[in-house]
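Coordinates in review
The residues making up each chain are set out below.
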Amino acid sequence: MDFSHSPKVEALRADSRRFFEDLIYPAEARYQHEIEEHRRAGNPWQTSQVIEALKPEAQRRGFWNPFLPYSERAPQGLSNREYAPLCEIMGRVPWAAQVFNCSAPDTGNMEILERFTTPEQQLRRLDPLLAGEIRSAFLMTEPNVTSSDASNIRCSIRRYGDEYVIDGDKWFSSGAGDPRCALYIVMGRTDPAAKPGKQQSMVLVPASTPGIEVLRAVQVFGYDGALHGHMDIRLLGERVPVENLLLGAGRGFEIAQMSTRTRPHPPLHAHPRPGRARAGTAVPARAVAGGVRQADQRSQRVARADRRIALPDRVGTAADPEGRGRPRT
Ligand SMILES: Cc1cc2nc3c(=O)[nH]c(=O)nc-3n(C[C@H](O)[C@H](O)[C@H](O)COP(=O)(O)OP(=O)(O)OC[C@H]3O[C@@H](n4cnc5c(N)ncnc54)[C@H](O)[C@@H]3O)c2cc1C
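Basis of the calculations
Residues numbered from 1 in each chain as written. Predicted model: local features only at pLDDT ≥ 70, side-chain atom pairs only at ≥ 80, totals over all residues. Heavy atoms only, no water. Helix = DSSP H or I, 4+ residues; strand = E, 2+ residues; numbered from the N terminus. Buried < 20%, exposed > 50% of the residue type's maximum accessible area, 1.4 Å probe, protein only. Contact = heavy atoms within 4.5 Å. Areas by Shrake-Rupley, 256 points an atom, 1.4 Å probe, with all protein chains shown as cover. Near = heavy atom within 4 Å. Polar contact = N/O pair within 3.5 Å; in protein donor to acceptor, adjacent residues only side chain to side chain. Nonpolar A, V, L, I, M, F, W, Y, C, P; charged D, E, K, R; others polar. Core = buried A, V, L, I, M, F, W, Y, C linked by side-chain atoms within 4.5 Å. Domains from an automatic or database assignment.

Overview of the overall build of the protein
- When its secondary structure is counted, the protein shows nine helices and nine strands.
- When each of the 329 residues of the protein is scored for burial, the buried share is 53%.
- Considering only contacts within the protein whose residues lie at least 6 apart along the sequence, 71% involve residues at least 24 apart.
- Roughly 15,600 Å² of accessible area belongs to the protein as shown, and the carbon and sulfur atoms make up 51% of that amount.

Take a look at the structure:
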């Protein structure tokens, strides 16, 4: 199999590397300083002014929303194979993806909104996300169940007239700590009596819905998840209009399959990690604030292994077994 990049991808890689050299690496020390200031102030999840200042330049250079797969909205959309090498470059600096509006969970959420919402919902929710003005969170994982198998999710989404009423505890909701987080996509059960694959649904819940409680930020191995905030959230009888249910009752797994949330999303989400190593790049020789960074042996092993990973360029679904017309689902 030929793993070489197309001329189009090589050009994008060169552009993004230049962006990093010109703007991202020189901003690392400023960003670190800013985060430490936020931590000292007791809120490391505040909006980063360093990132906000870089976004207009990313837009100006056309390096904006490259995650978006091909669609009418994104005729230049990239396939998995084209996007993955860019993830690797963006991963060289942990916070950099947000400069290009490519940070999780917004990327997966924007794909869901692009495919499964009405034009009116897109105008209100998707456009501000695509513009990088608001953020979003995906609320699936629950503290009391084995959430790696999402058929266990217990959050209840019950219909009463023209509304759905939502009750559930969610945690590790990344992005919900950001003060600009305006929208949650919540996964929960609409029909506990249905077959396991047909019980779960996804519903749009504005973060401003009265009564929602953001209880705390969950730590990961002692880290605070600065910038995003992995939040512990309680939904206690919150009501949303029935139009907020995506695709249809019991179709949550279909959405997950047809978007990047659970299909190639994990490899794409993981792909920046080898980039963190900066192995095989000019980085080991490059001085950054605080000294020269050397990719350690472990990182180099990760990077070597990564070169053997082949991402599926097209992934089929039950509805579209060949993955036709859907390069990155
Ligand atoms: C940094 C970070 C960000 C996250 N962001 C989000 C987010 O934005 N939204 C969200 O909803 N969630 C998020 N999560 C949560 C993540 O999706 C879950 O942690 C993951 O799905 C695993 O679920 P769990 O924690 O319930 O673990 P469990 O499902 O309880 O699994 C624990 C362990 O048991 C193993 N295990 C489970 N079932 C079996 C079995 N039947 N047999 C053998 N072994 C088994 C698993 O492999 C695992 O090793 C995030 C997590 C992290 C760390």
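A few points about the site of the ligand
- F138, M140, T141, V145, T146, S147, S148, F172, S174, V220 and H230 make up every residue found near the ligand.
- Between a nitrogen atom of the ligand and a main-chain N or O atom of F138, the distance comes to 2.7 Å.
- Contact distances for the ligand include 3.0 Å between a nitrogen atom and a backbone N or O atom of F172.
- When the ligand sits alone it has 970 Å² of accessible area, and the protein chains cover 44% of it.
- Taken together, the residues of the shell around the ligand break down into five nonpolar, six polar and no charged.

Some points on the side chain of S103
- Examined against the element boundaries, S103 turns out to sit in the loop between α3 (80-90) and α4 (106-116).
- A relative accessible area of 8% means that S103 is categorised as buried.
- A distance of 3.4 Å separates the side chain of S103 from the side chain of R135, its partner in a polar contact.
- Apart from the residues within four sequence positions on either side, S103 is in contact with A97, Q98, R135 and H228.

Thoughts on the nonpolar core
- In terms of nonpolar packing, the biggest core is built from 71 residues, with I24, W95, F100 and Y184 touching the most fellow members.
- The leading source of residues in this core is helix α1 (residues 7-40), at seven residues.
- Structurally, this core is a two-domain feature, drawing no fewer than three residues from each of domain 1 (7-103 + 260-306) and domain 2 (134-256).
- Filtering out sequence-adjacent residues up to four positions away, W95 remains in contact with I24, A27, E28, Y31, I51, L54 and L227.

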